Number of protein chains: 4
Amino acid sequence: MVRIGIIGAGRIGKVHCESIGRYVKNAVVACVADPFMDEGTEQTLRALGAEKVTKDYREILADKSVDAVLICSSTDTHAQISVEAIKAGKHVFCEKPVDHDVKKILTVKEALQGGGVKYQVGFNRRFDHNFEAVKKAIDAGRIGHLDVLKICSRDPAAPSADYIKVSGGIFLDMTIHDFDMVRYLSSDEVESVYAVGGVTVDKAIGEAGDIDTAVVTMKLKGGALAVIDNCRRAAYGYDQRAEAFGSLGQIAVANDASSTAVISDANGVTAEKPLYFFLERYMQAYVKEVSEFVRCIEEDRPVPVGIEDGLQAVVIGLAAKRSLQTGAPVRLDDIVR
Amino acid sequence: MVRIGIIGAGRIGKVHCESIGRYVKNAVVACVADPFMDEGTEQTLRALGAEKVTKDYREILADKSVDAVLICSSTDTHAQISVEAIKAGKHVFCEKPVDHDVKKILTVKEALQGGGVKYQVGFNRRFDHNFEAVKKAIDAGRIGHLDVLKICSRDPAAPSADYIKVSGGIFLDMTIHDFDMVRYLSSDEVESVYAVGGVTVDKAIGEAGDIDTAVVTMKLKGGALAVIDNCRRAAYGYDQRAEAFGSLGQIAVANDASSTAVISDANGVTAEKPLYFFLERYMQAYVKEVSEFVRCIEEDRPVPVGIEDGLQAVVIGLAAKRSLQTGAPVRLDDIVR
Amino acid sequence: MVRIGIIGAGRIGKVHCESIGRYVKNAVVACVADPFMDEGTEQTLRALGAEKVTKDYREILADKSVDAVLICSSTDTHAQISVEAIKAGKHVFCEKPVDHDVKKILTVKEALQGGGVKYQVGFNRRFDHNFEAVKKAIDAGRIGHLDVLKICSRDPAAPSADYIKVSGGIFLDMTIHDFDMVRYLSSDEVESVYAVGGVTVDKAIGEAGDIDTAVVTMKLKGGALAVIDNCRRAAYGYDQRAEAFGSLGQIAVANDASSTAVISDANGVTAEKPLYFFLERYMQAYVKEVSEFVRCIEEDRPVPVGIEDGLQAVVIGLAAKRSLQTGAPVRLDDIVR
Amino acid sequence: MVRIGIIGAGRIGKVHCESIGRYVKNAVVACVADPFMDEGTEQTLRALGAEKVTKDYREILADKSVDAVLICSSTDTHAQISVEAIKAGKHVFCEKPVDHDVKKILTVKEALQGGGVKYQVGFNRRFDHNFEAVKKAIDAGRIGHLDVLKICSRDPAAPSADYIKVSGGIFLDMTIHDFDMVRYLSSDEVESVYAVGGVTVDKAIGEAGDIDTAVVTMKLKGGALAVIDNCRRAAYGYDQRAEAFGSLGQIAVANDASSTAVISDANGVTAEKPLYFFLERYMQAYVKEVSEFVRCIEEDRPVPVGIEDGLQAVVIGLAAKRSLQTGAPVRLDDIVR
């Protein structure tokens, strides 16, 4: 039984607490820490299976009975808590992004040098049944050598401008999942990035210094091309698709819906909209990523998504950001240098 | 060049006139006959490529230059004109049904004994690209031995009660196409029929002594089962589908639409409705059936849909009619006896 | 917290044990009884969350701490255990069918007269997301008044002839789910039944006195028609579909697959096969039906699938059986009389 | 009746000859000119409905009975023949591209200043039922304001390296259709272009100085983004899709297939491949574009695709070419200046 401490009791912290309590085998939530812990939150967390709660995450790090921590706090604290947890000998599962700053991610990488602890980054979409099917088909050679990878990722509705301000911008907050998906599906690295975009959804996003709609083109080192298109709003719900095209054919995945029902009437032939947002769409992926983390601890295997994956996605995001600013393509070498 | 006379200048007569004029190779409309021929109709027909028009179909039968006739007159005249045309040495393409009365169909069959002329029945759906794909897959063994055949056939809107009165009833007017489809797709014969149905669309249809919604179950001689469901009205347009299920799998065909466009919006994910009705849906099939008829004449080959096909579909229709009346399944042997 | 005893530790008993242990809120497996209980089974059950095991189900009935029982034993014991459990004051969830014999089902109904306990029958498909979507659309008037209901239900592979012998025949074993679905979706009762069928999958099934392929047509009291087609084998997996057609349109549900992946290559455009069999397809429905049962106990509400539903589905099955034997349609009145 | 001369009797010249002969109302092929005209070609053309043939296109230009010409000769002759035809007072339908050189296109534009003749460019895809459906939905406001436009266009198999050498490169030969589609669907103009690409299909294409796989990103003047991905080879046939995304939703069009047949078997659930190549896919579009051209002549209306459209698509293509060479985005202003 792996005893897990969860640091951060916001939305995603609660999601993990519930999924560990209900669905993850051989794991238990030993404690949840949040500086704003109150009675209501405590009740909720206990009902979801948490044994204990605290306001101070260092209590978790000091608890010898705790094997691993899930870092679900705000992004600016990820790197520091990661380093502390590693030093305390805890296995770490850290929500994405590890940080907006490459240097701080490198401090985590450094802390991991000694070995001994697992460090997994929360790119949950790698554990989604649809994207896994694409990965499996590509790896099995079903489409031959990969030539073009296309990812479409649109949120149902834009977050508040307040959120946007601390989000790190669309590329580090939203597209980062798609950058990771490009690396995951292609088993390749990005060489250069060109980003275009604008504000079409909400002027307040523009005033906060960000964009809400983007198309990002990438050249991969192996010669394939990748293109991502994002929007912070889709009238029909959460749009999460991918197409991989190669010498022998194409594999595409569409959205999930809550049923296969199709109504034919005077208005047309209408299927259901995609599942509304990430909690509906990726709940099983959240369960699976933590289950996999737990299994890697138990069987002492390498984690499926490591610190290097966490780093690279941020580097691509920073390249996209610079590309948008300069209007020119950016090589990843120019970011890490 | 096969010279064709068209007998009957109603809707379907005009369809054939246009399709021969435009799309059928090696054929020309020598003459169109209709007792109600007027100036307007003549102009229309000439514009569609007809060389001549007349009020008297016997003029066509007497015309040595005419090789073949298309009988598009009212159903009650089909058998008699067929016999006359055969005796005049013309090849005959007769619209469905040949007649509502088995005895009259048998007079046509008898007239054909001498040989020498082709006689094709207008089951146009055999020439539809979707149903041809099903036939081809079954014949190629793609689904193994056929176990269950399901046909769904619904019109967009019910005809007038006046039409219903002379139509011969739903089974001889509408389902007859589906009965032929069962025989065509299964390459088998029907052994017994059980029909249920009612009036759900238009009370006037009930008052005219007919039903407008039906489910017909059939046992085929080879052991397979078939089921047809019909309705005189579908809010979403013309519904024409089939599913064939066998030991190795299933083949299904869906409706055609005017484009592949799918709109995703707040209302759902909406594709286009089926093509509205038979002229849109089966225009190419009309061209193809007559093209095939012309080719069979030119190359002296057997026609793809003969008098026996015309007869059997009517026999099944009469069995369905009796089943509905008696509430019991009916063996085809009991109809032809 | 509702304390549940499970009677019968076969496949479906284990399914319920696991789903209660993991997914059903406010319920716990107090005990599992099975006459063949051994150490291995005990270990499995305890790992799934069972507190206790026993060989004697009467121990469960005698246990004052147990609120409800799930009867998952062999069909021939359902009625008797049901009656005993009711008398012991336990709420009962009974797997389908309640019995093959109407009289024995009526003894259960009688035992329930006193009231006080809930009695739910395990028609799990009512709790499936797809069929629920159909029900919801019909009830919301989306297709107007219901005219034709079509259900297709095919297993991936036939069971052994030994199973067939005790199964009660295809109509009571397999089609019974579809009969219930007809009642559920239509909110109507069946008036008469006509069944055709044969042995196309496995001769041993025929030798065991059963058929493996069937088409069943029904007239409903409200005037709608229903048709079910079944087969004990489908090369492509578990096929579970429904179509409801009415005055305003149609609603159809297709199969679920494990992903939305579609591969386009030289062989065609290929999507995944349906989920293989009922455990994959209906796992969430199993969770949902028991969750609903638990909620009805807690909130003292009527159960969603009661003894009358259990009875009617068997009556329709017996009518289908007689229809197949006599070759004639059978009125349900003639079965219950 | 519009009398048409066809200049060039290659593949596309014959396609137009047949489509005019068979399907275009109120038009007749008066003459076909080709310097390599031989007896076999003459026979073919006459069978398709051509009244006359010649080796010298100037014979057509001199023929007072000819109202319009279709220029289907090699691209390097388009501009000059266009100018001659305009001076001879003929209406012109010119295959795409008008020329690879902006200056030569401008000579055509200049020749048209006087007015009096129609000049249509052969962007046939604007007349395709699927793309028309997208255009119609956008124009009707179905997706709100357009934010992102995505076009996927892949040929089934690469042409020979010999063809590649004279093709003008992938952007002027293949993508040019997609550039026009961007302008057509968006009703907007391209501001800047960024192109990436490589050789993944055939090394000989690289040796001929071209690429065979590309992704082109565009900013439109109105603020929308567009992205095209091309490949000279698709294992599953001709891939021609588009997606338009806006504030109210998305419209997408998929490929056409020869039937709606779907086979479910042990291999999966398999639909037909797309129609193989442009003659199958766009035959009706070829008929429609010329029909429209004829109608514009008859009714003296502006043509739907004019010289400006011909010019802009080439300018975008040249910008893409330069972007690929320089590795930087290119503004269209920098091309036309």
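This one's a predicted model, so the numbers in the text were calculated from it and none came from an experiment. (Residues numbered from 1 in each chain as written. Chains lettered and ligands numbered in written order. Predicted model: local features only at pLDDT ≥ 70, side-chain atom pairs only at ≥ 80, totals over all residues. Heavy atoms only, no water.)

## Focus on the overall build of chain A
A count of helices and strands for chain A gives 13 helices and 15 strands. In terms of C-alpha radius of gyration, chain A reaches 20 Å, essentially the compact-globule figure of 20 Å for 337 residues. Its C-alpha atoms put chain A at 55 × 55 × 45 Å along the principal axes. A burial count over chain A gives 61% of its 337 residues as buried. Carbon and sulfur atoms provide 50% of the accessible area of chain A, an area that totals close to 12500 Å². Across chain A, the 41 positively charged side chains and the 48 negatively charged ones have centroids separated by 2 Å. (Helix = DSSP H or I, 4+ residues; strand = E, 2+ residues; numbered from the N terminus. Rg over C-alpha atoms; globule rule 2.2 N^0.38 Å. Buried < 20%, exposed > 50% of the residue type's maximum accessible area, 1.4 Å probe, protein only. Areas by Shrake-Rupley, 256 points an atom, 1.4 Å probe, with all protein chains shown as cover. Lys, Arg positive; Asp, Glu negative; His and termini not counted. Charge placed at Lys NZ, Arg CZ, Asp CG, Glu CD.)

## Some points on the relation of the copies chain A and chain D
Superposition record for chain A on chain D: RMSD 0.0 Å, screw rotation 180 degrees, translation along axis 0.0 Å. Both copies of the chain, as the preceding transformation shows, are related through a two-fold rotation axis. For chain A, the residue whose C-alpha comes nearest the rotation axis is A328 of chain A, separated from it by 3.0 Å. (Least-squares fit on C-alpha atoms with pLDDT ≥ 70 in both.)

## Some words on the sheet that holds strand 2 (residues 27-33) of chain C
All names here are of chain C. What the 6 strands build is an open sheet, ordered 3-2-1-4-5-6; its pairing is parallel. At either end of the open sheet lies a strand with only one pairing partner, and these are strand 3 (53-54) and strand 6 (119-121). The pairing of strand 1 (residues 2-7) with strand 2 spans 6 bridges and is classified as parallel. When the bridges of strand 2 are listed, R3 appears paired with V28. (Pairing = 2+ DSSP bridges.)

## Looking at the relation of the copies chain A and chain C
Put simply, the second copy of the chain is the first one after a rotation about an axis and a shift along it. When chain A is brought onto chain C, the operation consists of a screw motion whose angular component is 180 degrees and whose axial shift is 0.0 Å, with 0.0 Å RMSD remaining. A share of 100% of interface residues in chain A that are also interface residues in chain C marks the association as one of identical surfaces. (Contact = heavy atoms within 4.5 Å.)

## What to know about the sheet that holds strand 1 (residues 2-7) of chain A
Across a sheet, paired strands are connected by hydrogen bonds in the backbone, their directions being either parallel or antiparallel. Residue and element names in this part refer to chain A. The 6 strands are arranged 3-2-1-4-5-6 in an open sheet whose pairing can be described as parallel. Edge positions in the sheet fall to strand 3 (53-54) and strand 6 (119-121), since each of these pairs with one other strand and no more. Helix 11 (residues 278-298) contacts strand 1, strand 2 (27-33), strand 4 (68-71), strand 5 (91-94) and strand 6 of the sheet and is inclined by roughly 165 degrees relative to strand 5. (Axes fitted to C-alpha atoms, helices over the stretch in contact; angles between N-to-C directions.)

## Points about the interface of chain A and chain D
Contacts between the two partners involve 35 residues from chain A and, on the opposite side, 35 residues from chain D. Summing both sides of the interface, chain A and chain D together bury roughly 2700 Å²; the carbon and sulfur share of this comes to 65%. On the chain A side of the contact with chain D, Y194, L225 and F245 of chain A bury the most area, a combined 19% of that side's loss. If you look at where chain A meets chain D, you find 6 salt bridges. Across the pair D229 of chain A and K150 of chain D runs a salt bridge, and its minimum N-O distance is 2.7 Å. Between the two partners, chain A and chain D, sit 15 residue pairs in polar contact (both at pLDDT 80 or more). The set of elements that each furnish at least two residues to the side of chain A that touches chain D consists of strand 7 (146-154), strand 8 (190-198), strand 9 (213-220), strand 10 (225-231), strand 11 (239-246) and strand 12 (249-253) of chain A. Residues that form the side of chain A that touches chain D fall into these classes: 16 nonpolar, 10 polar and 9 charged. (Buried area = accessible area lost by both parts, 1.4 Å probe. Salt bridge = Lys/Arg side-chain N within 4 Å of Asp/Glu carboxyl O. Polar contact = N/O pair within 3.5 Å; in protein donor to acceptor, adjacent residues only side chain to side chain. Nonpolar A, V, L, I, M, F, W, Y, C, P; charged D, E, K, R; others polar.)

## Focus: the interface of chain A and chain C
A common way to express how large an interface is: the accessible area buried when the components associate. On the chain C side, the residues contacting the 27 residues of chain A number 27 residues. Across the interface of chain A and chain C, roughly 2000 Å² is buried in total on both sides, 47% from carbon and sulfur atoms. In terms of surface lost to chain C, no three residues of chain A exceed R22, T260 and I263 of chain A, which account for 29% of the buried area on that side. In this assembly, chain A and chain C are joined by 0 salt bridges.

## Examining helix 5 (residues 102-111) of chain D
All names here are of chain D. Looking only at helix 5, the buried set comprises V102, I105 and V108. Down the axis of helix 5, the sector holding all buried residues measures 115 degrees, keeping them to one side. Every exposed residue of helix 5 that faces more than 90 degrees away from the buried side is listed here: K103 and E110. On its buried face, helix 5 is in contact with helix 4 (75-87), strand 6 (119-121) and helix 12 (307-326). (Arc of directions from axis to C-beta.)

## Here we look at the packing of helix 9 (residues 175-186) of chain D against helix 12 of chain D
All names here are of chain D. For the pair helix 9 and helix 12, interaxial distance at closest approach is 9 Å and the crossing angle is 115 degrees. Between helix 9 and helix 12 the crossing geometry is right-handed. Of the residues in helix 12, those in contact with I176, F179, D180 and R183 of helix 9 are D309, Q312, A313, V314, I316, G317 and A320. Residue classes in the contact of helix 9 with helix 12 are distributed as 6 nonpolar, 2 polar and 3 charged. (Left-handed = near helix turned anticlockwise from the far one by under 90°.)

## Some thoughts on the nonpolar core
Counting residues in hydrophobic clusters, the biggest one holds 109 residues, and the most contacted among them are Y119 and M218 of chain B. Looking at this core element by element, the count peaks at 10 residues for helix 11 (residues 278-298) of chain B. Excluding its chain neighbours within four sequence positions, the residues that come into contact with Y119 of chain B are S82, I86, V92, C94, V98, V108, L112, V303, V305, G306 and I307 of chain B. Grouped together as the second largest cluster of nonpolar side chains are 108 residues, A9, L48, Y286 and I307 of chain D included. (Core = buried A, V, L, I, M, F, W, Y, C linked by side-chain atoms within 4.5 Å.)

## What about unusual backbone geometry?
Residues and elements named next belong to chain B. In this structure, the amide linkage connecting K96 to the following residue, P97, adopts the cis form with an omega of -15 degrees. For P97, the position within the fold is in the loop between strand 5 (91-94) and helix 5 (102-111). With phi around 60 degrees, N26 is a residue other than glycine that occupies positive phi space. Among the secondary structure elements, N26 is positioned in the loop between helix 1 (11-22) and strand 2 (27-33).

## Thoughts on the packing of aromatic side chains
Taken as a whole and judged by the stated rule, the model has 28 aromatic pairs over all chains. Ring plane angle 35 degrees and centroid distance 4.0 Å describe the contact between Y194 of chain B and Y194 of chain C, whose orientation is recorded as tilted. One end of the pair, Y194 of chain B, is in strand 8 (residues 190-198); the other, Y194 of chain C, is in strand 8 (residues 190-198), on a second chain. Its relative accessible area of 3% is what places Y194 of chain C among the buried residues. Counting every residue linked through ring pairs, the aromatic cluster contains Y238, Y276, F277, F278 and Y282 of chain A. The ring of Y184 of chain B is capped by K135 of chain B, whose NZ or CZ atom sits 5.2 Å from the centre of that ring. (Phe/Tyr/Trp six-rings, centres within 6.5 Å; stacked < 30°, edge-to-face > 60°. Lys NZ or Arg CZ within 6 Å of the ring centre and 35° of its normal.)

## A closer look at the side chain of S167 of chain A
Residues and elements named next belong to chain A. Residue placement: S167 occurs in the loop between helix 7 (161-166) and helix 8 (170-173). Of note is the side chain of S167, whose polar atom sits 3.1 Å from the backbone nitrogen of G169. What S167 contacts, discounting residues up to four positions off in sequence, is H100, L172, D173, D210 and R232.

## What about the environment of D178 of chain B?
All names here are of chain B. As for its position among the elements, D178 is in helix 9 (residues 175-186). Among the residues examined, D178 registers a relative accessible area of 2% and is labelled buried. Distance from D178 to F123, taken between C-alpha atoms, is 9.6 Å for residues 55 residues apart in sequence. Setting aside its immediate chain neighbours within four residues, D178 contacts R125, I151, S153, I228 and N230.

## A few points about the pairing of strand 5 (residues 91-94) of chain D
All names here are of chain D. Burial along strand 5 is two-sided: the residues H91 and F93 and V92 and C94 are all buried. As judged from the 4 bridges shared by strand 4 (residues 68-71) and strand 5, these two strands associate in the parallel manner. Note that in strand 5 the partner of V69 across the bridge is V92. A crossover links strand 4 with its parallel partner strand 5, the connecting element being helix 4, and its sense is right-handed. (Right-handed = clockwise from strand over helix to strand, strands pointing away.)

## Side note on the pattern of salt bridges
Throughout the structure, instances matching the rule amount to 120 salt bridges over all chains. A salt bridge links D139 of chain C to K135 of chain C, with the nearest nitrogen and oxygen atoms 3.4 Å apart. Taken together, the residues span about one helical turn, with D139 of chain C and K135 of chain C both in helix 6 (residues 129-139) at a distance of 4 residues. On the basis of relative accessibility, which here comes to 14%, the residue K135 of chain C falls in the buried class. Across the salt bridge formed by R232 of chain D and D155 of chain D, the nearest N and O atoms sit 3.9 Å from each other. Of this pair, R232 of chain D sits in the loop between strand 10 (225-231) and strand 11 (239-246) while D155 of chain D sits in the loop between strand 7 (146-154) and helix 7 (161-166), and the two are 77 residues apart along the sequence. On the accessibility criterion, D155 of chain D (9% relative accessible area) is buried. Via salt bridges that share partners, K150 and E243 of chain A together with R154, D229, D239 and R241 of chain D belong to a single interconnected network.

## Section: the confidence of the model for chain A
This prediction gives chain A a mean pLDDT of 97; 100% of its residues lie at or above 70. Among the scores for the predicted complex, ipTM is 0.95 and pTM is 0.95. (pLDDT = per-residue confidence, 0-100.)

## Quick look at the environment of D180 of chain C
All names here are of chain C. Along the polypeptide, D180 turns up in helix 9 (residues 175-186). Here D180 falls in the buried class, since its relative accessible area comes to 1%. As for D180 and S153, which are separated by 27 residues in sequence, their C-alpha atoms are 13 Å apart. Setting aside its immediate chain neighbours within four residues, D180 contacts F123, R126, D309 and A313. A polar contact of 2.7 Å, which involves the side chain of D180, links it to the side chain of R126.

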